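In case you want the letters, here they are:
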Amino acid sequence: MKVDTGGRKPGGRPTREQAAAIDARILDGARAVFCRKGFANSGLEEIATELGVSKHTLYRRYPNKAALLEAVVGRDVGRFRDALLSAGKEGEGALGALRRAAFRYVEIGSSRDYAAFYLSVSAEAAVSPVLRERLASWSRDALEPLVGFVSTAQEAGELRSGDPASVCGILIDLLEGVNNRIRLGDDETAGGPSLLRLFEERWAVFTAAFGSG
C-alpha cells in the first residue's frame, strides 16, 4: 500500500521545492472542487480525498475551509494584479497603459474557467454576508492596478478628473459587458477577433465619456 508522505522522503521533511509543489497542487485541486460543487457544498476531507493527500497534510496548511478559499483567491488575485501591471507597462503613454491593462482584464475575465470559479463564489456571496464582504475586498485588491492607471492618466491630463475608483468602476462595468458576451458565445469567439472588436467598442464609449479631448 502506498503511503502518502506529503511529497517528502520517508522520515524526512519536504524540500522547499516539494512543499511549493504540494501547495500548488492543493490550491489547484481546491479551486476545481469549489468551482464544481460550490464553496458551501465542499469539505476539506473531500478535497483531501480527491487530491490523494492525507487530511493531516491539508489541515497542517489550512485549518478550515475559509482559510483554504482565502489562499486560492489570494493566489488568483496576485496573478491577476501582476498581469494587469505587466500589460500596463507595455502601453505608450498613460492612457495607453490603461488601455493595455483594460484589454488584459477582458482577456482574463472572459475565460470560462476563470468565470466559472468567480461566478460560483459570487452566487454564494449573495446569501453570505461574510463571503460577500471578502469578495468585495478581493475585488478592490485585484482592481487596484487599474485604479492606479486611471489616476496616472488623470494626472497626465489624458482623462478628465474625478474619483479614480469611481471612474475605474464605470470602465469595469463596460468591460464586464465584453466578458459576458464572450462567455456566452461559442468557442470560436472566445479570445478571437470578436474579443478585440467588443473591447474597442466599449473603450471608445469610455474615452468619449472621460477623455480630456
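### Details of the confidence of the model for the chain
Next up, step 1: On average, the chain scores 88 in pLDDT, and the residues at 70 or more come to 90%.
Next up, step 2: Helix 5 (residues 93-109) holds the highest mean pLDDT among the elements of the chain, 96, whereas helix 2 (residues 44-51) holds the lowest, 87.

### Section: the packing of aromatic side chains
Two descriptors summarise a pair of aromatic rings, namely the distance from one centre to the other and the angle between the planes of the rings.
Next up, step 1: Summed over the entire model, instances satisfying the criterion amount to nine aromatic pairs.
Next up, step 2: Aromatic side chains Tyr114 and Tyr118 sit 4.9 Å apart centroid to centroid with 40 degrees between the ring planes, which places their arrangement in the tilted category. Here Tyr114 pairs with Tyr118, and both are found in helix 6 (residues 112-125), just four residues apart, close to one helical turn.
Next up, step 3: On the accessibility criterion, Tyr118 (14% relative accessible area) is buried.
Next up, step 4: Above the ring of Phe39, the side-chain terminus of Lys65 is found at 4.6 Å from the ring centroid.

### Topic: the packing of helix 4 (residues 65-89) against helix 5
Next up, step 1: Running from amino to carboxyl end, helix 4 crosses helix 5 at an angle of 140 degrees, the nearest separation of the two axes being 7 Å. Between helix 4 and helix 5, the angle is such that the two are oblique. Of the two elements, helix 4 crosses helix 5, and the hand of that crossing is right-handed. Each of Phe80, Ala83, Leu84, Ala87 and Gly88 in helix 4 lies in contact with helix 5, whose residues at this interface are Ala97, Arg100, Ala101, Arg104, Tyr105 and Ile108.
Next up, step 2: Class assignment of the residues belonging to the contact of helix 4 with helix 5 gives a composition of eight nonpolar, one polar and two charged.

### Looking at the environment of Val72
Next up, step 1: Among the secondary structure elements, Val72 is positioned in helix 4.
Next up, step 2: Taking the relative accessible area as the measure of exposure, Val72 reaches 0% and is therefore buried.
Next up, step 3: As for Val72 and Gly29, which are separated by 43 residues in sequence, their C-alpha atoms are 9.6 Å apart.
Next up, step 4: When residues no more than four places from it in sequence are discounted, the contact partners of Val72 are Leu27, Ala30, Arg31, Phe34 and Phe117.

### Considering helix 5
Next up, step 1: Its 17 residues give helix 5 an end-to-end C-alpha distance of 24 Å, which sits within 8% of 24 Å, the value for a rise of 1.5 Å per residue.
Next up, step 2: Along helix 5, the residues that are buried comprise Ala94, Gly96, Ala97, Leu98, Ala101, Ala102, Phe103, Tyr105, Val106, Ile108 and Gly109.

Rules behind the numbers
Residues numbered from 1 in each chain as written. Predicted model: local features only at pLDDT ≥ 70, side-chain atom pairs only at ≥ 80, totals over all residues. Heavy atoms only, no water. pLDDT = per-residue confidence, 0-100. Helix = DSSP H or I, 4+ residues; strand = E, 2+ residues; numbered from the N terminus. Phe/Tyr/Trp six-rings, centres within 6.5 Å; stacked < 30°, edge-to-face > 60°. Buried < 20%, exposed > 50% of the residue type's maximum accessible area, 1.4 Å probe, protein only. Lys NZ or Arg CZ within 6 Å of the ring centre and 35° of its normal. Axes fitted to C-alpha atoms, helices over the stretch in contact; angles between N-to-C directions. Parallel < 35°, antiparallel > 145°, perpendicular 65-115°, else oblique. Left-handed = near helix turned anticlockwise from the far one by under 90°. Contact = heavy atoms within 4.5 Å. Nonpolar A, V, L, I, M, F, W, Y, C, P; charged D, E, K, R; others polar. Expected span 1.5 Å × (residues − 1).

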